[in-house]
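So the chains spell out like this:
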Amino acid sequence: MKSTSRKYFCEEPWTGIFSVRANGDVVCCPCYAKVLLGNVGESSLVEIWNSNKITNMRKAFLDGELPDECKDQICPVVVNGD
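Residues numbered from 1 in each chain as written. Predicted model: local features only at pLDDT ≥ 70, side-chain atom pairs only at ≥ 80, totals over all residues. Heavy atoms only, no water.

Caption draft 1: Just the pattern of salt bridges, in detail. This model, assessed by the stated rule, comprises 2 salt bridges. Here aspartate 63 and lysine 59 are joined by a salt bridge, their closest N and O atoms 2.7 Å apart. Aspartate 68 is the partner of lysine 71 in a salt bridge, and the nearest nitrogen-oxygen pair spans 3.0 Å. Judged by its relative accessible area of 40%, lysine 71 is partly exposed. (Salt bridge = Lys/Arg side-chain N within 4 Å of Asp/Glu carboxyl O. Buried < 20%, exposed > 50% of the residue type's maximum accessible area, 1.4 Å probe, protein only.)

Structure (structure tokens):
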């Protein structure tokens, strides 16, 4: 029997653009989820890149799940499953 559960995947947590705001905040997916990962005044970019929030998002996508940060978004991954 074919599974009816939807599988999600997004490359953004691995290859996406991280925005660094004027106040030093680093945001993943600046167009949709705007996930705050850290601040360059408080953490190194390596620490931010490997933060719990982004690694949890990566794990969710690898498992075919939609991370909580991405729920209720209008991005193409959520809307179209692309």
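The rest of the description comes next.
Caption draft 2: Geometry of helix 3 (residues 52-62). Within helix 3 the residues assigned to the buried category are Ile54, Met57, Arg58, Ala60 and Phe61. The buried residues of helix 3 occupy an angular sector of 160 degrees when the element is viewed end-on, so they sit on one face. Seen from the open side of helix 3, the exposed residues pointing more than 90 degrees away from its buried face are Asn52 and Leu62. The inward-facing, buried residues of helix 3 abut helix 1 (12-15), strand 1 (18-20), strand 2 (25-28), strand 3 (35-39), helix 2 (45-49) and helix 4 (76-80). Among the residues trailing helix 3, glycine 64 stands out with phi positive, at a value near 80 degrees. (Helix = DSSP H or I, 4+ residues; strand = E, 2+ residues; numbered from the N terminus. Arc of directions from axis to C-beta. Contact = heavy atoms within 4.5 Å.)

Caption draft 3: Spatial organisation of the environment of phenylalanine 61. Looking at the secondary structure, you find phenylalanine 61 in helix 3. The class of phenylalanine 61 is buried, set by a relative accessible area of 3%. For the pair formed by phenylalanine 61 and cysteine 10, sequence separation is 51 residues and the distance between their alpha carbons is 6.6 Å. Setting aside its immediate chain neighbours within four residues, phenylalanine 61 contacts Tyr8, Phe9, Cys10, Pro13, Trp14, Leu66, Pro67, Cys70 and Val77.

Caption draft 4: Quick peek at unusual backbone geometry. Notably, cysteine 29 is not glycine yet its phi reads approximately 55 degrees, a positive angle. The residue lysine 34 is not glycine, and still its phi comes out positive at about 50 degrees. Take lysine 34: it is sitting in the loop between strand 2 and strand 3. Its relative accessible area of 44% is what places lysine 34 among the partly exposed residues.

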